[in-house]
Amino acid sequence: MTDHVVLRVIGKLLIPFILAYGLYVQAHGDFGPGGGFQAGVIVAAGLILYGLIHGVAATQRVVPPRLVEALAAVGVLIYAGVGVVTLVLGGNFLGYGALDHSPSHGQHTGVFLVELGVGVAVASVMLAIFYAFASRKPIASGGGRR
Amino acid sequence: MLLAFLLIVALAAVVQRNLLAVVLLFAVYSLLSAALFTSLKAVDVAMTEAAVGVGVSTVLMLATLSLTTHRANRLPRRSVLPLIVVLATGAALVYGTLDMPAFGDPGAPIHGHVAGDYLRRSIAETGIPNVVTSVLASYRGFDTLGETCVVFTAGLGVLLLLGTRRGSRGEATQP
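**Student:** Help me understand the overall build of chain B in this model?
**Tutor:** The helix and strand inventory of chain B stands at 8 helices and 0 strands. If you list the helices and strands of chain B from N to C, you get α-α-α-α-α-α-α-α. For chain B, whose C-alpha radius of gyration is 22 Å, the value lies well above the compact-globule estimate of 16 Å for 175 residues. Along the longest, intermediate and shortest principal axes, the C-alpha atoms of chain B span 55 × 50 × 25 Å.

Structure, rendered in structure tokens:
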């Protein structure tokens, strides 16, 4: 689809804003609508749009499949890691109050880190599923066509 | 109004035989649902629905179609029994809704449990103005950890089933 000039130009215009919006939703989830899950799918949707316009191979040069698979696990580990850290600091598992000098600040830090973990995990899982689907060869059966 | 549109799109998706059109109709359905969620002031859900339902899942469905075929197979014959089962189940569900409290009723059981506590204590205890975030990430942190694990497991399952391995750049190994 790389010869469609309109799609390429519009994609170039849109994708940076989609990614920036994803980061905004990620960081601003405490105060406005959104959070890790929403940010993750928005970032993934932006990258998938890039993949639709420029092809999966180009997307995999930007975000290699190996990195995506690793980041999916890293996201879950960030989340669970916050729980372990609060345990080590003397609180309950995922009791964010132990993270900082005052419970309220601790809550902020904890929620931010946890949402970051969710965002990373969701974005990479979505992208991994997209890669898995898009890089398959057709296995049409029963007179199907591309 | 939105509900009427939803019904029309759903019926069109059922009648339509061209799978490409069905996938696009489902995208429209998701977009309408997102608008519905927004009008119900559930903006977080609307964002998820718009990004996942309209964007990601539509792309995945289209990818599946490009791997298989665009046409649905003709059903061999139409039988009456499934229709009866569906109608009976639907009637039972509608009968069940008759006892439900009115929409937005503050005395509904769901508002009497912990919801009020969360709403009152969220700002003082967590300092997070968006109660949805404070409930998801803080009060219900264990649940969200479980959800994240579910998402991770789902991705793992897809990767294992489709068997894409890196190394052959952009080309899957045939199972």
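**Student:** Which parts of the structure should I look at to understand the interface of chain B and chain A?
**Tutor:** When the parts of a complex come together, some accessible area is lost, and that lost area is often used as the size of the interface. Taken residue by residue, the interface counts 47 residues in chain B and 52 residues in chain A. Roughly 4600 Å² of surface becomes buried between chain B and chain A when both sides are summed, with 69% attributable to carbon and sulfur atoms. The interface formed by chain B and chain A contains 0 salt bridges. Between the two partners, chain B and chain A, sit 6 residue pairs in polar contact (both at pLDDT 80 or more). No other element matches the 14 residues that helix H3 (residues 43-67) of chain B contributes to the side of chain B that touches chain A.

**Student:** Mind showing me how you'd approach the confidence of the model for chain B here?
**Tutor:** Detailed conclusions should not be drawn from predicted coordinates in areas where pLDDT is low. Residue-level pLDDT values for chain B average 83, and 91% of them are 70 or greater. In the predicted structure, residues 167-175 of chain B sits below a pLDDT of 50 and forms 15 contacts with residues beyond four places in sequence or in another chain.

**Student:** Where do I start with the pattern of salt bridges in this structure?
**Tutor:** A side chain of one charge can pair with a side chain of the opposite charge if their charged atoms are brought near each other. All names here are of chain B. Summed over all chains, the structure comprises 1 salt bridge over all chains. Across the pair Arg140 and Asp143 runs a salt bridge whose closest N-O atoms are separated by 4.0 Å. On the accessibility criterion, Asp143 (40% relative accessible area) is partly exposed.

**Student:** When you look at a nonpolar patch on the surface in this model, what are you seeing that I'm missing?
**Tutor:** On the surface, Val5, Val6, Val9, Ile10, Leu13 and Leu14 of chain A cluster together into a nonpolar patch covering about 540 Å² of accessible area. Note that Val6 of chain A resides in helix H1 (residues 5-27).

**Student:** How should I be thinking about the nonpolar core in this particular structure?
**Tutor:** Nonpolar side chains tend toward joint burial in soluble globular proteins. By size, the foremost hydrophobic cluster in this structure holds 39 residues, and its most contacted members are Tyr79, Tyr96, Leu127, Phe130 and Tyr131 of chain A. Secondary-structure elements contributing two or more residues to this core are helix H2 (36-54), helix H4 (65-88) and helix H5 (103-134) of chain A together with H3 and helix H8 (141-162) of chain B. With 12 residues, the top contributor of residues to this core is H5 of chain A. Mapped onto the domain boundaries, this core takes at least three residues apiece from domain 1 (1-72) and domain 2 (133-175) of chain B. Here Phe130 of chain A is in contact with Ile48, Gly51 and Val56 of chain A together with Val59 and Leu60 of chain B, once residues within four sequence places are set aside.

**Student:** What's the story with the packing of aromatic side chains in this structure? I'm lost.
**Tutor:** Within a pair of aromatic rings, the relevant descriptors are the distance that separates the centres and the angle that separates the planes. All names here are of chain A. Applying the stated rule across the entire model yields 4 aromatic pairs over all chains. Consider the rings of Tyr21 and Tyr24, whose centres lie 6.2 Å apart with planes at 25°: the pair is stacked. You can see Tyr21 and its partner Tyr24 sitting in helix H1, 3 residues apart, about one turn around the helix. For Tyr21, a relative accessible area of 40% puts it in the partly exposed group. Under the relative-accessibility criterion, Tyr24 is labelled partly exposed at 46%. Note on Phe130 and Tyr131: the rings are 6.3 Å apart at their centroids and 40° apart in plane angle, and the pair reads as tilted. When sorted by exposure, Phe130 lands in the same class as Tyr131, which is buried.

Rules used throughout
- Residues numbered from 1 in each chain as written.
- Chains lettered and ligands numbered in written order.
- Predicted model: local features only at pLDDT ≥ 70, side-chain atom pairs only at ≥ 80, totals over all residues.
- Heavy atoms only, no water.
- Helix = DSSP H or I, 4+ residues; strand = E, 2+ residues; numbered from the N terminus.
- Rg over C-alpha atoms; globule rule 2.2 N^0.38 Å.
- Contact = heavy atoms within 4.5 Å.
- Buried area = accessible area lost by both parts, 1.4 Å probe.
- Salt bridge = Lys/Arg side-chain N within 4 Å of Asp/Glu carboxyl O.
- Polar contact = N/O pair within 3.5 Å; in protein donor to acceptor, adjacent residues only side chain to side chain.
- pLDDT = per-residue confidence, 0-100.
- Buried < 20%, exposed > 50% of the residue type's maximum accessible area, 1.4 Å probe, protein only.
- Patch = residues over 30% accessible without salt bridge, like charges linked within 9 Å, V, L, I, M, F, W, Y side chains within 5 Å.
- Areas by Shrake-Rupley, 256 points an atom, 1.4 Å probe, with all protein chains shown as cover.
- Core = buried A, V, L, I, M, F, W, Y, C linked by side-chain atoms within 4.5 Å.
- Domains from an automatic or database assignment.
- Phe/Tyr/Trp six-rings, centres within 6.5 Å; stacked < 30°, edge-to-face > 60°.

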